[in-house]
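Below, each chain spelled out in residue letters.
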Amino acid sequence: MLTWAAVNSQAQLADTYQPIYDNVTTTVGCAKAKDSLACLRTVPYETLFNAFAPFVLTPILDGDFLRRPPSESFAKGLVAKVAILAGSNTDEGTATFFGPRNTLQNDDDVHKLLAGLGNGLDNSTVSEAMQLYPDDPAQGCPFNTGAERFADQGYMYKRGATIIGDSVIHAGRRFTTEYFASRPRRARQPVYSYRFDQPPWDGKEELVATVAPVCSTHYAEVCFVFNLDPSASRNNSNWIGPYEEFHDLSDFIAKSWVSFAHDLDPNAYECGRKYPKWPEYSKSNSNMVFKAGGSWVERDTWRAPQLKFWSKIWGQLKT
């Protein structure tokens with residue numbers, strides 16, 4: 001799961017993080033404390049965690065630790081020589097804190113969504129995006145759900161979920177893997193890419209999406225990567241579930257991650273003939289697609305025009 005998060009400058013703190021901080025201190029009873037930060041340090045972890053749960057926090061360009069957005073570092077070649085294992089989940093945009101639930105009913109609503117992204121997109125850019133993301137639920141997120149609109153979440157919900165999933169997750173994943181895989185051999189380490197295509201076993205992902213549509217939403221792969229037992233994820237996130245094929249998938253994924261961390265190659269363990277070999281991206285431009293009951297390798301051409309669009313406007317998106 002790779003996210004290209006928007007970044008904020010110190011000048012934007014008053015409009016971005018200060019309201020969040022004020023909300024948290026009020027929620028946990030520290031708003032009137034003489035030293036609110038000292039007060040927060042005395043709050044029980046679960047109480048503080050729950051107070052922060054509704055918010056998605058993004059980096060701050062402080063000029064010291066973080067000096068530029070990632071897109072500028074990529075453009076200037078200021079990146080480390082590291083191996084990459086990156087991926088995304090098919091239906092990223094269904095995450096409640098990403099997707100625009102109950103807000104998109106018509107073209108005007110979608111136009112406003114696009115115009116408000118990042119530093120703000122001009123009319124020409126918004127018009128291009130509107131054409132790339134037409135009001136066609138068969139092309140929308142969650143994918144492969146046909147004409148179903150999930151209209152109780154907004155008549156054009158799937159259109160918006162597709163826009164958000166592509167701009168926040170999918171486009172950054174493809175750009176990153178293509179970038180690192182195309183570097184000169186002397187500056188390149190192995191690159192591996194995946195698409196996780198497995199919905200949670202019970203159709204819910206706690207803290208991410210519990211109201212349909214969920215599908216293979218953001219964070220759904222994490223319990224498989226860490227081979228989570230329900231005792232390790234109670235009241236937090238989902239777990240693998242009771243089905244044998246789900247646990248087989250988790251074993252495959254967890255072994256692949258450990259193998260990559262140890263050998264820079266997810267294929268270094270013995271997987272037998274049950275699973276395909278995961279190709280190195282610089283040699284194939286392909287993803288491993290993870291799904292219970294049968295994973296496979298695909299060429300990474302999915303949604304090519306849409307993902308290329310976002311890679312042209314990283315600066316406007318503050319990424």
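Computed from a predicted structure; not experimentally measured.

Rules used in this analysis
Residues numbered from 1 in each chain as written. Predicted model: local features only at pLDDT ≥ 70, side-chain atom pairs only at ≥ 80, totals over all residues. Heavy atoms only, no water. Core = buried A, V, L, I, M, F, W, Y, C linked by side-chain atoms within 4.5 Å. Buried < 20%, exposed > 50% of the residue type's maximum accessible area, 1.4 Å probe, protein only. Helix = DSSP H or I, 4+ residues; strand = E, 2+ residues; numbered from the N terminus. Contact = heavy atoms within 4.5 Å. Pairing = 2+ DSSP bridges. Salt bridge = Lys/Arg side-chain N within 4 Å of Asp/Glu carboxyl O. Expected span 1.5 Å × (residues − 1). Phe/Tyr/Trp six-rings, centres within 6.5 Å; stacked < 30°, edge-to-face > 60°. Lys NZ or Arg CZ within 6 Å of the ring centre and 35° of its normal. Disulfide = S-S within 2.5 Å. Axes fitted to C-alpha atoms, helices over the stretch in contact; angles between N-to-C directions. Parallel < 35°, antiparallel > 145°, perpendicular 65-115°, else oblique. Nonpolar A, V, L, I, M, F, W, Y, C, P; charged D, E, K, R; others polar. Patch = residues over 30% accessible without salt bridge, like charges linked within 9 Å, V, L, I, M, F, W, Y side chains within 5 Å. Areas by Shrake-Rupley, 256 points an atom, 1.4 Å probe, with all protein chains shown as cover.

Within soluble globular proteins, side chains that are nonpolar tend to cluster in buried spots. Counting 27 residues, the largest nonpolar core has Val110, Leu114, Leu117, Ile163, Trp310 and Leu317 as its most contacted members. Residue assignment for this core shows that the elements contributing at least two residues are α5 (107-115), α6 (123-132), α7 (157-181) and α12 (304-311). Not counting the four nearest positions on each side in its chain, Leu117 is found in contact with Ile163, Ile164, Trp310, Gln316 and Leu317.

Alignment of strand β5 (residues 286-290) against strand β6 (residues 296-299), held across four bridges, turns out to be antiparallel. Pairing of Asn287 across the sheet is with Glu298, part of β6. Hairpin connection from β5 to β6: five residues lie between these consecutive antiparallel strands, with Gly293 at a positive phi of about 90°.

Another aspect to go through is the pattern of salt bridges. If you walk through the whole model with that rule in mind, you get nine salt bridges. Residue Asp107 is joined to Arg159 by a salt bridge in which the shortest nitrogen-to-oxygen separation is 2.7 Å. Of this pair, Asp107 sits in helix α5 while Arg159 sits in helix α7, and the two are 52 residues apart along the sequence. For Asp107, a relative accessible area of 40% puts it in the partly exposed group. It is possible to trace a salt-bridge network through shared partners that takes in Arg195, Asp197, Lys291 and Glu298.

A rise of 1.5 Å per residue sets the reference length of helix α10 (residues 244-263), with its 20 residues, at 28 Å; its end C-alpha atoms lie 28 Å apart and thus fit the reference within 8%. Looking only at α10, the buried set comprises Phe246, Leu249, Ser250, Phe252, Ile253, Ala254, Ser256, Ser259 and Phe260. Lining the buried residues of α10 we find β3 (84-89), β4 (191-196), α8 (222-225) and β5.

Further remarks concern the packing of aromatic side chains. One pass over the full model with this rule turns up 26 aromatic pairs. Summarising the aromatic geometry, the rings of Phe74 and Tyr179 are spaced 4.7 Å apart at their centres and angled 70° between planes, so their arrangement reads as edge-to-face. One end of the pair, Phe74, is in helix α4 (residues 70-76); the other, Tyr179, is in helix α7, and 105 residues separate them in sequence. By the burial criterion, Phe74 is buried, and Tyr179 matches it. Ring centres of Phe97 and Phe98 lie 5.0 Å apart, and the angle between their planes is 75°; on these two criteria the pair is classed as edge-to-face. With relative accessibility at 17%, the residue Phe98 sits in the buried group. One aromatic cluster is present, formed by Tyr192, Tyr194, Phe252, Trp257, Phe260, Tyr275, Trp278 and Phe290 through successive ring pairs. Sitting over the ring of Tyr155, Arg149 keeps its end group 3.8 Å from the ring centre. The ring of Trp302 carries Arg195 above its face, with NZ or CZ at 5.6 Å from the centroid.

Before going further, it helps to spend a moment on the environment of Asp109. In this fold, Asp109 is placed in helix α5. Linking Asp109 and Met156, residues 47 residues apart in sequence, is a C-alpha distance of 8.7 Å. For Asp109, the contacting residues outside a window of four places in its chain are Thr103 and Leu104.

Our focus in this paragraph is the state of the cysteines. Tallying each qualifying case throughout the model produces one disulfide. The partner cysteine of Cys30 in its disulfide is Cys39, sulfur to sulfur 2.1 Å. The S-S bond linking Cys30 to Cys39 shows a torsion near -75°; that makes this disulfide left-handed. Given the relative accessible area of 1%, Cys30 is considered buried.

To continue, consider the packing of α7 against α12. Relative to each other, α7 and α12 sit at 80°, their axes nearing to 9 Å. Looking at the two axes, α7 sits roughly perpendicular to α12. Judged by residue contacts, Ile163, Asp166, Ser167, His170, Ala171, Arg174 and Phe175 of α7 engage Ala304, Gln306, Leu307, Trp310 and Ser311 from α12. Among the residues forming the contact of α7 with α12, the class breakdown is six nonpolar, four polar and two charged.

Here we take up the sheet that holds β5. Hydrogen bonding along the main chain pairs the strands of a sheet, whether they run parallel or antiparallel. Taken in spatial order, the four strands make up an open sheet running β3-β4-β5-β6, and their pairing is mixed. The sheet terminates laterally at β3 and β6, the two strands that pair on one side only. Adjacent strand axes in the sheet meet at a mean angle of 30°, parallel and antiparallel pairs treated alike. Of the strand pairs in this sheet, β4 and β5 are connected by three bridges, and their pairing is parallel. What sits directly across from Tyr194, in β5, is Met288. Where α7 meets the sheet, it contacts β3, β4 and β5, and its direction lies at approximately 160° from that of β3. Those strands touched by α10 are β3, β4 and β5, and its axis lies near 140° from that of β5.

Our focus in this paragraph is a nonpolar patch on the surface. Residues Tyr45, Phe49 and Leu207 make up a contiguous nonpolar surface patch of about 340 Å² in total accessible area. With respect to the helices and strands, Tyr45 occurs in helix α3 (residues 45-52). According to the relative accessible area criterion, Tyr45 is exposed, its value standing at 60%.

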